[in-house]
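Single-letter residue listing:
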Amino acid sequence: MSVTQPQGFRAAGVAAGLKSTGARDLALVVNDGPRFDSASVFTTNRCKANPVLWSQEAVKDGTVRAVVLNSGGANCYTGPEGFQTTHAVAEQVAGHLGIGAIDVVVCSTGLIGLRNDRQSLLDGVDAAHAALSSDAGLDAAEAIMTTDSVSKQVVVEGPGWSIGGMAKGAGMLAPQLATMLVVLTTDAVVEAADLDVALRAATRVSFDRLDSDGCMSTNDTVTVLASGASGITPSLPDFTDALTQACTDLAMQLLRDAEGADHEIAITVLNAATEDEAVEVGRSVARSNLFKAAVFGNDANWGRVLASIGTTDAAFDPVDLDVAMNGVWVCKSSGPHADPTTVDLTGREVSVTIDLKAGSERATVWTNDLTHAYVHENSAYSS
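Residues numbered from 1 in each chain as written. Predicted model: local features only at pLDDT ≥ 70, side-chain atom pairs only at ≥ 80, totals over all residues. Heavy atoms only, no water.

Caption draft 1: Focus on the overall build of the protein chain. Within the protein chain, the regular secondary structure consists of ten helices and 15 strands. Taken along its principal axes, the extent of the C-alpha atoms in the protein chain is 65 × 50 × 35 Å. Every one of the 383 residues in the protein chain was classed for burial, and the buried ones make up 55%. In the protein chain, the proportion of contacts linking residues at least 24 apart, taken out of those at least 6 apart, comes to 81%. Charged side chains of the protein chain number 24 positive and 47 negative; the gap between the two group centres comes to 3 Å. (Helix = DSSP H or I, 4+ residues; strand = E, 2+ residues; numbered from the N terminus. Buried < 20%, exposed > 50% of the residue type's maximum accessible area, 1.4 Å probe, protein only. Contact = heavy atoms within 4.5 Å. Lys, Arg positive; Asp, Glu negative; His and termini not counted. Charge placed at Lys NZ, Arg CZ, Asp CG, Glu CD.)

As structure tokens, this is what we get:
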């Protein structure tokens, strides 16, 4: 049921003609209330798409009544006409719902520099509104797919309330955020200010720790809508925990579907001086093409891990670092330990553990290997 599992939400996914395949390419998620609290986070890329520029303004008052999303074109760097298209889509949704356009979040994904046909989008909004249903969460999740091989959905149940979610993304998974669109819904009673606190806490340890290829998108958006239809007000810690669970589940689905990947890699940094330094070290390893290529070749090349650690500003002693791969400590005190050939990297899941011996903080960053398939897919993406 995805985003329509919580009470108070309807969704739709339709074909607006943006994809040459004729597949679904426009989704609409509507909050029927009685409350309309919302919070969002967006890409930190300074080069932002038109829908992000619009939506950043729309969410400022903490009220969002609907989210409309299209795949098939990012509507980024498409000039004033592109922004006008975003505005027109929001107005079309608002007209159907009898609300203000400023309460509509707009999201797009696809190629940069491609002008989406405005009339196709407007006709798609009409069709989506007509198809709105409390059972159409899957249709909506499928409509936002681009290079995704599967749709991504999640439901987390609380005592008398729930959280639903859908996401798209299969590459450029780097913070903040990934090349992804995420809509989360809940029927809990949560005020907008608390939603913002919970969402930022959740994304900090989930989507923001996902670093597939070090590339940051222009369109990333995560929006949470709260209908309050359950009438239940959970404590902020309980709601944050549930939202974090939902975001982490979706983040792992994104990782599993990363373009062309053969391995999913969890890099855990232990005993760092600060959590930020643990993240910095993990991210440095995650962005090493040398390391990622080694994992693709099933090579436990721990030297590439140490070389990446050395590029950071984290506190550590360069001659006293430990590294394990899949539980085998291949490096102790910055020197050879167990035979790297004893590490079995043939499975899809790979763990890397780094002990900095500089404090008590830890963090995990997730990435994937660098494969021939990734290069092929991204070399041919626009053709």
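Caption draft 2: A look at the sheet that holds strand 1 (residues 9–14). An order of 1-2-4-5 is seen for the four strands of this open sheet, with the pairing classed as mixed. Each edge of the open sheet is held by one strand with a lone partner, namely strand 1 and strand 5 (104–108). Taken pair by pair, the neighbouring strands of this sheet meet at an average axis angle of 10 degrees, ignoring direction. The sheet strands contacting helix 3 (residues 118–131) are strand 1, strand 2 (26–31) and strand 4 (66–70), and the helix crosses strand 1 at an angle near 135 degrees. (Pairing = 2+ DSSP bridges. Axes fitted to C-alpha atoms, helices over the stretch in contact; angles between N-to-C directions.)

Caption draft 3: Just the sheet that holds strand 6 (residues 152–157), in detail. Strand order in the open sheet made by the five strands is 3-9-8-7-6, with mixed pairing throughout. The sheet terminates laterally at strand 3 (37–42) and strand 6, the two strands that pair on one side only. Geometrically, the sheet is characterised by an average inter-axis angle of 10 degrees between neighbouring strands, direction not taken into account. In this structure, strand 6 lies alongside strand 7 (residues 162–168), joined through six bridges in antiparallel fashion. Paired with glutamine 153 across the strands is methionine 166, a residue of strand 7. Here helix 6 (residues 236–256) sits on the sheet in contact with strand 6, strand 7, strand 8 (181–186) and strand 9 (221–226), set at roughly 155 degrees to strand 6.

Caption draft 4: A look at helix 6. When the terminal C-alpha atoms of helix 6 are compared, their 30 Å separation across 21 residues agrees well with the 30 Å that a helix rising 1.5 Å per residue should span. N-capping of helix 6 is provided by serine 235, with a side-chain oxygen placed 3.2 Å from the backbone N of aspartate 238. (Expected span 1.5 Å × (residues − 1). Polar contact = N/O pair within 3.5 Å; in protein donor to acceptor, adjacent residues only side chain to side chain.)

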